[in-house]
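Close look at the chain arrangement
In case you want the letters, here they are:
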Amino acid sequence: MDSDQKTLNMAVIGTDTLARGARTRITSIQGKGIASSVLKLYDAATAGAAAAGNLVATYNYGTEGLEVYIPGSGIKFENGIVYNLAGAGGSVTVTITGA
């Protein structure tokens, strides 16, 4: 059986980074628990285009980690996914459709 679900690992810390430059939906997010972590997700086609006007979601989490399962069709990004992961280290993995 073939699936349209794929995963992206987001591991660059402290800078706006392009994860995928195409229309995509995020259906789940999982992050390692590290104190004072913040994940910001932008709907943008390039890292340079990330701005407050296209910020889609912000997740603040600590040592408990991050596990978000989005019901329905997920969070839609028309232009692509740019992320900024702040914290001491670690990574976030998202499940996407539209790959």
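In this report, we go over the structure that sits alongside the text. (Residues numbered from 1 in each chain as written. Predicted model: local features only at pLDDT ≥ 70, side-chain atom pairs only at ≥ 80, totals over all residues. Heavy atoms only, no water.)

Relative to the elements of secondary structure, Asn-84 occurs in strand 8 (residues 81-86). A relative accessible area of 16% places Asn-84 in the buried class. A polar contact is formed between the side chain of Asn-84 and the side chain of Asp-16, at a distance of 2.9 Å. Among all residues touching Asn-84, those that are not within four sequence positions of it are Gly-14, Thr-15, Asp-16, Val-38, Leu-39, Lys-40 and Tyr-42. (Helix = DSSP H or I, 4+ residues; strand = E, 2+ residues; numbered from the N terminus. Buried < 20%, exposed > 50% of the residue type's maximum accessible area, 1.4 Å probe, protein only. Polar contact = N/O pair within 3.5 Å; in protein donor to acceptor, adjacent residues only side chain to side chain. Contact = heavy atoms within 4.5 Å.)

Read from one edge of the open sheet, four strands run 2-8-4-5, paired in antiparallel fashion. A single partner strand is all that each edge strand has here, and the edge strands are strand 2 (17-20) and strand 5 (55-61). Recorded for the sheet is a direction-independent mean angle of 25 degrees between the axes of neighbouring strands. One ladder, built from six bridges, connects strand 4 (residues 37-43) with strand 8; its direction is antiparallel. Paired with Val-38 across the bridge in strand 8 is Ala-86. (Pairing = 2+ DSSP bridges. Axes fitted to C-alpha atoms, helices over the stretch in contact; angles between N-to-C directions.)

A few words now on the nonpolar core. Soluble, globular proteins show a tendency: their nonpolar side chains are buried together. Residues Ile-26, Ile-29, Leu-39, Leu-41 and Tyr-59 are the most contacted members of the largest nonpolar core, which totals 20 residues. Among the secondary structure elements, those contributing two or more residues to this core are strand 1 (6-10), strand 3 (24-31), strand 4, strand 5, strand 6 (66-69), strand 7 (75-77), strand 8 and strand 9 (92-97). If near-sequence neighbours (up to four positions away) are discounted, Tyr-59 is found in contact with Ile-29, Ser-37, Val-38, Leu-39, Leu-41, Leu-66, Val-68 and Ile-75. (Core = buried A, V, L, I, M, F, W, Y, C linked by side-chain atoms within 4.5 Å.)

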